[in-house]
Amino acid sequence: MTKLFPDIGIVGATGVVGREALDILESRGHPPESIRCFGSVRSAGSTLSYMGTALPVLPMDQIIDTPLDFALLCASSQVAVQVRALLNGLPTTIIDNSSAFRMEPDVPLVIPEVNGNLLEHQRAVVANPNCSTIMMLTALQPIRNNFGIQRICVTTYQAVSGAGKAGMQELRNQSQSYLDGTDESPSVFPVSCAMNVFEHESDIDPDTGFNGEETKMIQESRRIWEDPSLSVLPTCVRVPVERAHSQAITVEVDIPVRIEQLRDVLHVPGIQVMDDGFPLTPRDAAGCNDVFVGRIRIDPLSDGKRVLLWICCDQVRKGAALNAIQIMDSIREHEQSVFENAFNHACS
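All of the points below concern the structure found in this document. What you see is a predicted model, and the numbers here were worked out from it, not measured in a lab.

1. Side note on the side chain of Gln141
Point 1. Relative to the helices and strands, Gln141 resides in helix H4 (residues 131-147).
Point 2. There is a polar contact of 2.8 Å between the side chain of Gln141 and the side chain of Asn145.
Point 3. Those residues in contact with Gln141 that sit more than four places away from it in its chain are Glu113, Val114 and Trp225.

Below, the structure is given as structure tokens:
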């Protein structure tokens with residue numbers, strides 16, 4: 001029988017995603033004695049407020065000293081590789097938010113609403129997809145299930161919080177600087193993020209012309225949907241929004257569809273349809289668990305086979321911390337199901 005509350009270690013607990021994970025666990029009443037926080041040398045020794053207590057932030061290398069059921073990694077790829085080496089051979093399940101293991105064949109890349117079935121088998125490491133991939137495929141999965149999808153064209157409008165606390169602070173500082181009539185030089189982003197829009201700052205592949213964020217969306221979507229020939233054409237940009245990403249998506253479906261059918265199939269757990277009144281905005285999604293879908297349209301010249309959507313999602317929450325916790329939930333639910341089946345079989 002699974003524990004009521006598993007023992008969880010959060011690596012990178014002082015960062016934006018780590019703090020979000022703590023907020024989610026606190027809202028669930030997860031007891032502080034079942035949580036361990038780990039951080040960099042700079043963060044170690046500090047404390048984080050949680051359910052009226054102060055959780056100490058421990059040095060990362062101490063993660064092997066405390067038995068853990070799960071390690072939620074909310075840090076860089078380099079840190080993720082180090083933690084996996086430290087926990088090698090131990091019974092801790094790693095759920096990683098970085099890109100370190102996403103394309104490793106033996107590591108499942110999971111969005112629970114899309115391919116949670118991969119969690120039915122015990123895994124040492126599970127990878128969280130890129131936030132832009134998570135929100136896009138969560139919104140598109142019901143459409144694919146019912147009408148098929150041939151190709152995707154997507155433009156992302158990504159909040160500065162995707163670059164962490166430093167990105168958020170840079171937007172605040174530069175916005176004030178702009179209003180004051182002064183010019184503060186950027187340090188997190190290549191150009192000013194205040195009153196500006198620019199292509200995602202990840203490196204551009206000289207062979208394909210896609211930047212790193214776009215390449216992740218292409219590769220991860222193909223892997224999650226197990227369709228190596230899937231056509232995904234992303235353009236990723238930054239916008240002066242503090243929190244929650246938006247996407248304009250056009251998909252070509254296999255079976256002609258009507259607007260009413262699209263609205264019907266999109267009413268599933270994890271998605272909120274907001275297609276009445278003024279179009280939804282990132283502020284609608286900020287702090288929320290779901291992917292919000294609006295502006296549902298069909299190209300009138302496509303014979304019902306070209307669908308357009310506007311979606312918003314809190315990429316810190318559903319795009320990172322919550323998706324990782326949902327992965328943990330799914331693993332625990334399967335373990336509980338296995339235990340109950342075995343118990344019922346032994347008693348029959």
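Back to the write-up after that little detour.
2. Let's talk about the packing of H4 against helix H6 (residues 212-224)
Point 1. The geometry of H4 relative to H6 is characterised by a closest axis approach of 9 Å and an angle of 45° between their N-to-C directions. In terms of their interaxial angle, H4 and H6 are classed as oblique. H6 is crossed by H4, and the crossing has right-handed handedness. Between H4 and H6, the residues in contact are Cys131, Ser132, Thr133, Met136 and Leu137 and Glu213, Lys216, Met217, Glu220, Ser221 and Ile224, respectively.
Point 2. Residue classes in the contact of H4 with H6 are distributed as 5 nonpolar, 3 polar and 3 charged.

3. Digging into the sheet that holds strand E10 (residues 231-238)
Point 1. Strand order in the open sheet formed by 7 strands is E9-E10-E8-E11-E14-E13-E12, with mixed pairing between adjacent strands. Only two strands of the sheet have a single neighbouring strand rather than two, namely strand E9 (198-199) and strand E12 (271-273).
Point 2. Where H4 meets the sheet, it contacts strand E8 (149-158), E10, strand E11 (245-253), E12, strand E13 (291-298) and strand E14 (306-313), and its direction lies at approximately 30° from that of E11.
Point 3. Contacts from H6 reach E8, E10 and E11, with the element oriented near 150° to E10.

What counts, and at which threshold
- Residues numbered from 1 in each chain as written.
- Predicted model: local features only at pLDDT ≥ 70, side-chain atom pairs only at ≥ 80, totals over all residues.
- Heavy atoms only, no water.
- Helix = DSSP H or I, 4+ residues; strand = E, 2+ residues; numbered from the N terminus.
- Polar contact = N/O pair within 3.5 Å; in protein donor to acceptor, adjacent residues only side chain to side chain.
- Contact = heavy atoms within 4.5 Å.
- Axes fitted to C-alpha atoms, helices over the stretch in contact; angles between N-to-C directions.
- Parallel < 35°, antiparallel > 145°, perpendicular 65-115°, else oblique.
- Left-handed = near helix turned anticlockwise from the far one by under 90°.
- Nonpolar A, V, L, I, M, F, W, Y, C, P; charged D, E, K, R; others polar.
- Pairing = 2+ DSSP bridges.

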